[in-house]
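Next come the chains, spelled out residue by residue.
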Amino acid sequence: MDWFKKTKLAGQTKKDIPDGLWTKCQECGEIIYTKQLEENFWICPACQFHFRISSRRYIKILLDDGKLEELDANLTSLDPLRFKDSKRYPDRVKDATEKSGLSDAVVSGIGKIDGNDVSFAIMDFSFIGGSMGSVVGEKIARTIERAIERKIPLIIVSCSGGARMQEGILSLMQMAKTSALLAVLDKIHVPFISILTNPTTAGVMASYASLGDVIIAEPKSLLGFAGPRVIQQTIKQELPPGFQSSEFFLEKGFLDKIVKRNDLRETIIKLLQYFHN
C-alpha cells in the first residue's frame, strides 16, 4: 500500500486563491484579509502598524470626495548631469513612471477639506524612493506659491528618502528654494500644515517638511536626516532606543502631535477651523 500517495476525492476540484487576498503585517506578522486592511485605512488591526500607501490613497482619505485638481502634472525630470549608476538616469525615471503611473515623486494641486480650498502636495515613495529632484522641488515651490497667491492653507504630506543623488547639487538647491518661499508664506500669515509619514528623511526633512506651523506625524514613522548607522559611526556613541521614530521626535518637542491615519482628516479639519478663527 502506498501510504504517501495523494488521492483525489470524487467531485473534488482545485480552487485557486486570488493573489492579494491576504496581506502579512511587516511589524507583527499577522495575516490580514486585504479588504479588511483597506477598510481600516491600511492599519494593522493587531498592532496598529501603518502600512505605506500611495499618494492616490492619501488623496482619497484626506480630501473632500477624494478629489484633487491636479496641476503641473506635465513636469518631468531631465538629465543635466548625464548621470549613470547601474542604469542611465532617464531609464530609471522611465521605469519608475511605468511602475508607479506617476510623472515624478510628488502629486500637487488644489483640493478641498471640509469645504475649504487648500493648496495640497503629497509625495509618493514608489517613485525612486520619494526622492527630491528638480521636478519635486519645482512642484512643491508652485504649491507654496499658489497658497501665497490665493491666501489658502498649505498642506504637504511628506514621504521621502531625501534628495535625488542622480541630480547632484541641483537636487540640494531645492531645499533653499522651497524654504525661502515658506518664509514668504509665513510673513503673510497663511498656515502650513506639514504631515510626516514613514519615512521622511534627509533633504526633505531638512527643508520644507520641518517648517510647518503645525507638524504632525503618523505613528512609528522613521524621521531624521542621516541614517542611524552613519550617526553612530560619527559620534562614536550608542543611540537611545526608538531613535528617529516619530514618538522620539514628539518627546523631544520636534512634533506637535502624532496622529493615526484614520484620524488625520478630522485633525486637519480642526486645525483649519482654529486657523480660520
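So, here's what we can say about the structure. (Residues numbered from 1 in each chain as written. Predicted model: local features only at pLDDT ≥ 70, side-chain atom pairs only at ≥ 80, totals over all residues. Heavy atoms only, no water.)

## A short note on the packing of aromatic side chains
Move 1: Applying the stated criterion across every chain, the model contains 6 aromatic pairs.
Move 2: Seen in terms of ring centroids, Tyr274 and Phe275 are 5.8 Å apart; in terms of plane orientation they differ by 65°. Their pairing is edge-to-face.
Move 3: Residue Phe275 is classed as partly exposed on the basis of its relative accessible area of 31%.
Move 4: Grouping aromatic residues by their ring pairs yields a cluster made of Trp42, Phe49 and Phe51.
Move 5: Looking at Arg52, its charged tip hangs above the ring of Phe125, at a distance of 4.0 Å from the centre. (Phe/Tyr/Trp six-rings, centres within 6.5 Å; stacked < 30°, edge-to-face > 60°. Buried < 20%, exposed > 50% of the residue type's maximum accessible area, 1.4 Å probe, protein only. Lys NZ or Arg CZ within 6 Å of the ring centre and 35° of its normal.)

## Remarks on the environment of Asp65
Move 1: With respect to the element layout, Asp65 can be found in the loop between α2 (55–62) and β3 (68–70).
Move 2: Through-space distance from the C-alpha of Asp65 to that of Lys112 is 8.6 Å; in sequence the pair is 47 residues apart. (Helix = DSSP H or I, 4+ residues; strand = E, 2+ residues; numbered from the N terminus.)

## Quick word on the nonpolar core
Move 1: Judged by nonpolar contacts, the single largest core of 66 residues is most densely connected at Phe120, Leu185 and Tyr208.
Move 2: The leading source of residues in this core is helix α4 (residues 134–150), at 6 residues.
Move 3: Aside from chain neighbours lying at most four places away, what touches Tyr208 is Met123, Met132, Val136, Ile140, Ile156, Ser158, Thr178, Ser179, Leu182, Phe192 and Ser194. (Core = buried A, V, L, I, M, F, W, Y, C linked by side-chain atoms within 4.5 Å. Contact = heavy atoms within 4.5 Å.)

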